[in-house]
Amino acid sequence: MLKRNPPSAFCLLPSAFCLPSSAFRLPLSASRLLLFAFCLLLAACSPSPAPPPVETATPTVLATLPPPVTPTLDTPTPSSTPPPQNIRPQYALDVQFNYANKTAIVDETIVYVNNSADTLTSLVFGVEATCSQSFTLNSVSINQSPISDYVFDYQNVQAYIRHRLEVPLPQPLPPNGQATVQINFGLILPVVGNFSDETSLCSQIYGYTAQQVNLVDWYPFIVPYVTGKGWVLHNPWYYGEHLTFEAADFDVRVEFTDGSNPVIAASGEEVASDGAASRRFRLEAGRNFALSFAPEYRVLTKTVGDVVIYSYYFPPYETAAAAVLNATAQSFEIYSQRFGPYIHKTLSVVQGDFNDGMEYSALYYHSKGIYNNYDGTLKNHLTAVSVHETAHQWWFEQVGNDQGFEPWLDEALATYSEIVYYETVQPDALKDWWWIYRFDPYKPLNQVDARIYEGEGQRPYWNKVYLNGAHFLQDLRARIGDEAFFAFLQDYLAQMRGKIATTDDFFRILREHTSADLSDLIAQYFQNPH
Ligand SMILES: [Zn+2]
């Protein structure tokens, strides 16, 4: 991600005044700094909604929340069964969507294999649509047994509580055991960015505008389970992403029940539907599945190898949309060569009807402001953000990570990928533009490995995790040389593709490619020793 709204719960001013509204409007003017200081002052003296707890514990934190129905949930059972097979969850989502009313009824089926070494007695889901209070759970069954004693406080005033659903299993699920979950739920979409008392904790993309519908993080998903530790579901925060996704397979059908027929942008490729009234999409080994509908979308396409790249846009923006497509396709080729191959058949770029950008599987959103400000050159926000978001299809999508606790693993690498792009297509941009543009005001901080909750505001968070992270990678490359650096990145991708990488994985694989002493670099950039 490159742009999220600021933590407005901390400030009574309109949020756009509290922090820079774009990652790229650098440097901060004195007036902005004064406004930011004013916001902090207001936050200190004004009543505001209680923020969610800052997470400082290990990923087991939510395993300590309300006790499960059966007493063995959080006390993993050691097992002598064979090693887990690591079979991906299979999601089938059948969406009946009323475009006129912006409502949906969804049948969801998940085939889940317990890939951990622990015996599970319940399943934990992240239900992000509850943040905007647009979600209704109609029924849950597991292995065709209806379940009613689930734990789901979806009306709780605290978004970080209501996004967690825990469903007890009818029988304990041993390692390699399989369960089939069926969920029926309803959505009444909110207006984008216009919901609840904790607005700034909710997605700024999910919902609808006058010309667009966006379904992102819209269905209950089973959060990762770490052997011996528990379920990984962190609290939402005012900036940054808090979710961690296992790679999964998706089969999604969409039918419009009101006779409408909008253009559909989707994660994954469209396949023939066996029902004339529905459209069907499939994605393998994706982290999540996003959909966007708009009657007015236009689309430009480009084929790179066997991958089709789509640029969805609104009619006045064809020139900028073509530039987005070109930058995405060009960086796509460069990353494929420097890092390793992409795994999907499509990549869709969607012009948002809002000022935010975000990566999803095989799809990313661009802020509408990016299109408005395009100046026809490579040295501009549109190009830099396009190649940053494209890089997330490697660092986030292929190599997953705990975005709440270790956001540097995807954001520093996506930011550094901008350099890999520019040094290939326009090296002089790095001398006279990129570093100044991205690193001013750059202040060295040994907090690359900060959690989102330690960001101390969106701008400082970007500085710590994105910019210092990219600077660390630049220094690392200078220390070990280009050959070892790119051999490491390729190996990191190959070893961690489809998995959830940790900072320990990063340094373990790095040390397979260099014997250089890195202790001074690590001390300079990281809070914790690695
Ligand atoms: Zn990013």
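Below: a short report on this structure. Computed from a predicted model, the values in this text were never measured in an experiment.

1. Section: the overall build of the protein
Scanning the protein from N- to C-terminus turns up 12 helices and 24 strands. By the burial criterion, 58% of the 530 residues in the protein qualify as buried. Taking the intrachain contacts of the protein between residues at least 6 apart in sequence as the baseline, contacts between residues at least 24 apart amount to 73%. Element-wise, carbon and sulfur atoms account for 53% of the exposed surface of the protein, whose accessible area totals about 19800 Å².

2. Some words on helix H4 (residues 318–338)
When the terminal C-alpha atoms of H4 are compared, their 30 Å separation across 21 residues agrees well with the 30 Å that a helix rising 1.5 Å per residue should span. Those residues of H4 that sit buried are Ala320, Ala321, Ala323, Val324, Leu325, Ala327, Thr328, Ala329, Ser331, Phe332, Ile334 and Tyr335. Residue Gly340 follows H4 closely and has a positive phi angle near 145°.

3. Focus: the sheet that holds strand S6 (residues 164–173)
Hydrogen bonds between backbone groups are what pair the strands of a sheet, and the pairing can be parallel or antiparallel. Read across the sheet, 3 strands follow the order S6-S3-S10 without closing on themselves; strand pairing throughout is antiparallel. Each edge of the sheet is formed by a strand with only one pairing partner; in this case those strands are S6 and strand S10 (221–222). Bridge analysis of strand S3 (residues 120–126) against S6 gives 6 bridges, and the strand direction is antiparallel. Its bridge partner being in S6, Leu123 is matched across the sheet by Val167.

4. As for the packing of helix H9 (residues 458–480) against helix H10 (residues 482–496)
Viewed as axis vectors pointing N to C, H9 and H10 meet at an angle of 125°, and their least axial separation amounts to 6 Å. For the element pair H9 / H10, the angle class is oblique. Contact residues: H9 offers Leu473, Leu476, Arg477 and Ile480, while H10 offers Asp482, Ala484, Phe485 and Phe486. Grouping the constituent residues of the contact of H9 with H10 by class yields 6 nonpolar, no polar and 2 charged.

5. Focus on the pairing of strand S18 (residues 298–304)
Both S18 and strand S19 (residues 307–313) contribute to a ladder of 7 bridges, which runs antiparallel. Following the sheet pairing, Lys302 is matched in S19 by Ile309. Counting the residues that bridge the hairpin from S18 to S19 gives 2 residues, and of these Gly305 lies at a positive phi of roughly 60°.

Analysis parameters
- Residues numbered from 1 in each chain as written.
- Predicted model: local features only at pLDDT ≥ 70, side-chain atom pairs only at ≥ 80, totals over all residues.
- Heavy atoms only, no water.
- Helix = DSSP H or I, 4+ residues; strand = E, 2+ residues; numbered from the N terminus.
- Buried < 20%, exposed > 50% of the residue type's maximum accessible area, 1.4 Å probe, protein only.
- Contact = heavy atoms within 4.5 Å.
- Areas by Shrake-Rupley, 256 points an atom, 1.4 Å probe, with all protein chains shown as cover.
- Expected span 1.5 Å × (residues − 1).
- Pairing = 2+ DSSP bridges.
- Axes fitted to C-alpha atoms, helices over the stretch in contact; angles between N-to-C directions.
- Parallel < 35°, antiparallel > 145°, perpendicular 65-115°, else oblique.
- Nonpolar A, V, L, I, M, F, W, Y, C, P; charged D, E, K, R; others polar.

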